[in-house]
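# Summary of structural features
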Amino acid sequence: MKNVVHVKNINIGEGKPKVCVPITGATKKEISEELDLLQTIKVDLVEWRGDLFQEIENEISVKNMLQKINQEIPHLPLLFTFRTKGEGGGREVTLEKYKEINRFVIESKLVDLVDVELFRGKNLVKELVSFAHLHDQKVIISNHDFNQTPPRDEIIARLKLAADNGADIGKIAVMPRNDEDVLNLLSATSLVKELNHIPIVTMSMGADGLISRLSGEVFGSAITFASGKTASAPGQIEAEKLQTVLTIIHDSINKKK
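In every chain, residue numbers begin from 1 and rise along the written sequence. Local features in this predicted model are restricted to residues whose pLDDT is 70 or higher, and side-chain atom pairs enter the listing and the counts only when it is 80 or higher, whereas totals over whole chains, interfaces and linings include all residues. The side-chain figures draw on all heavy atoms in the structure; neither hydrogens nor water molecules are used.

## Structural notes on the pattern of salt bridges
So the rule is basically this: Only one rule defines a salt bridge in this text: a Lys or Arg side-chain nitrogen within 4 Å of an Asp or Glu carboxyl oxygen. The way it works is that DSSP assigns letters per residue, a run of H or I at least four long becomes a helix, a run of E at least two long becomes a strand, and they are numbered from the N terminus.
Within this structure, the stated rule accounts for 18 salt bridges. Across the pair Lys 68 and Glu 72 runs a salt bridge, and its minimum N-O distance is 3.7 Å. With Lys 68 and Glu 72 both in helix 2 (residues 59-72) and four residues apart, the pair spans about one turn of that helix.

## What to know about the packing of helix 2 against helix 3 (residues 95-108)
Under the convention used in this document: Lines fitted to C-alpha atoms define the axes here, with helix axes fitted over just the stretch in contact, and angles between the N-to-C directions of these axes take values from 0 to 180 degrees. For this classification, under 35 degrees means roughly parallel, over 145 means roughly antiparallel, 65 to 115 means roughly perpendicular, and everything else is oblique. In this scheme the handedness of a crossing depends on how the near helix is turned from the far one: anticlockwise by less than a right angle means left-handed, clockwise means right-handed. Here a residue-residue contact requires only that any non-hydrogen atoms of the pair lie within 4.5 Å. When residues are grouped by polarity, Ala, Val, Leu, Ile, Met, Phe, Trp, Tyr, Cys and Pro land in nonpolar, Asp, Glu, Lys and Arg in charged, and all others, Gly among them, in polar.
Between helix 2 and helix 3, whose axes approach to 11 Å, the crossing angle comes to 40 degrees. Regarding the angle of helix 2 to helix 3, the classification is oblique. Helix-helix and strand crossings are classified by hand; for helix 2 and helix 3 the assignment is right-handed. Contacts between helix 2 and helix 3 involve Glu 59, Val 62, Lys 63 and Leu 66 from the former and Glu 100, Phe 104, Val 105 and Ser 108 from the latter. For the contact of helix 2 with helix 3, a count of residues per class yields four nonpolar, one polar and three charged.

## Side note on the pairing of strand 9 (residues 200-204)
Note the threshold: Here's how the labels work: a residue is buried when its accessible area is under 20% of the maximum for its type, exposed when over 50%, partly exposed in between, all with a 1.4 Å probe on protein chains only. Whether two strands pair comes down to DSSP finding at least two bridges between them.
Across the five residues that make up strand 9, a large majority, five, are buried. Covered by surrounding structure in strand 9 are Ile 200, Thr 202 and Ser 204 together with Val 201 and Met 203, the residues of both alternating faces. In the sheet, strand 8 (residues 169-174) pairs with strand 9 via five bridges, with the strands oriented parallel. Bridging from a neighbouring strand, Ile 172 pairs with Thr 202 of strand 9.

## Thoughts on the environment of Asp 145
Residue position: Asp 145 is located in strand 7 (residues 138-145). It is 26 Å that separates the C-alpha atoms of Asp 145 and Val 43, two residues lying 102 residues apart in sequence. Ignoring any residue separated from it by four or fewer positions in sequence, one finds Asp 145 in contact with Pro 150, Arg 158, Ala 173, Val 174, Met 175 and Met 205.

## Points about the UniProt feature "active site" (unreviewed entry) in the protein
We apply this condition: UniProt positions are given in the numbering used here, feature names are shortened, and annotations may be inferred rather than shown by experiment. Two N or O atoms form a polar contact when they lie within 3.5 Å of each other; inside protein one atom must be a possible hydrogen donor and the other a possible acceptor, and for residues adjacent in sequence the pair counts only when both atoms belong to side chains.
In this structure's numbering, the residues bearing the UniProt feature "active site" (unreviewed entry) are His 144 and Lys 171. With the annotated positions falling across 28 residues, the maximum pairwise C-alpha distance of 8.4 Å places them together in a single cluster. Note on placement: His 144 falls in strand 7. Ignoring any residue separated from it by four or fewer positions in sequence, one finds His 144 in contact with Arg 83, Glu 87, Lys 171 and Ala 173. Of note is the side chain of His 144, whose polar atom sits 3.5 Å from the side chain of Arg 83. The topology assignment puts Lys 171 in strand 8. Its relative accessible area of 7% is what places Lys 171 among the buried residues. Discounting residues that sit within four places of it in the chain, Lys 171 has contacts with Arg 83, Ile 140, Ile 141, Ser 142, Asn 143, His 144, Leu 159, Val 201, Met 203 and Phe 225.

## Looking at the sheet that holds strand 9
On the basis of which strands lie adjacent, the open sheet formed by eight strands has the order 9-8-7-6-5-4-3-10 and parallel pairing. Strand pairing shows two members of the sheet lacking a second neighbour, strand 9 and strand 10 (223-225), which therefore form its edges. The sheet shows a mean angle of 25 degrees between the axes of neighbouring strands, taken without regard to direction. Relative to strand 4 (residues 45-49), strand 3 (residues 18-23) runs parallel, the two sharing four bridges. Of the residues in strand 4, the one forming a bridge with Val 21 is Val 46. Strand contacts of helix 5 (residues 152-164): strand 7, strand 8 and strand 9, with the helix running at about 150 degrees to strand 8, the strand carrying the most contacts. Against the sheet, helix 6 (residues 179-195) contacts strand 8 and strand 9, and its axis sits at roughly 170 degrees relative to strand 9.

Structure representation (structure tokens):
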């Protein structure tokens, strides 16, 4: 039985998949507009995509923005993500800069979870995981493949590697080329759900993989990402619509029990 990760008022890995909406603005004004929207829709947690923020390398601007996000949506758990360009993010940085940005955010104690990319290097991943845990923050170790869907065994291996590296939650997002790719992702999710002792997050991106964003409670994915003002990845749908579908599936599952 996998563990449940408790963050603020939510239990990740239990019941319906938790709906996460990303903040993707490049400027303070754009982020303020997104925060206004987030106060009008039902979401479970929020991700700040730091890689898309123009001033991400300015520590004062980053701290001020983290404080503003916390002030505007204090009840929602906050996930910080710096997605590198190689995994579909907004910019590329050196390993040292990647470490520096993440360590600063963790040390600020203004986030609840931090995303660390699985293939940033074993030593760096373990260092950031330990540093986050030292500051009582949870870690999602993630991998994003925008070019393909790896074989099922490789998907399973990457999620297992995330767990072995100390992740509180393992995540993988892949790009399907056909229906079989989507089925392989869902099959891998179901198998890892039984094998792993941490919650996992999986998704098949784009329109072809939409079912993977909806069926997490069936196959074992604990978080699903939805769009607020702007989508952060191909295939995201609006948060309100997603909540409706997740509730229908959840109610149907519970009727069987």
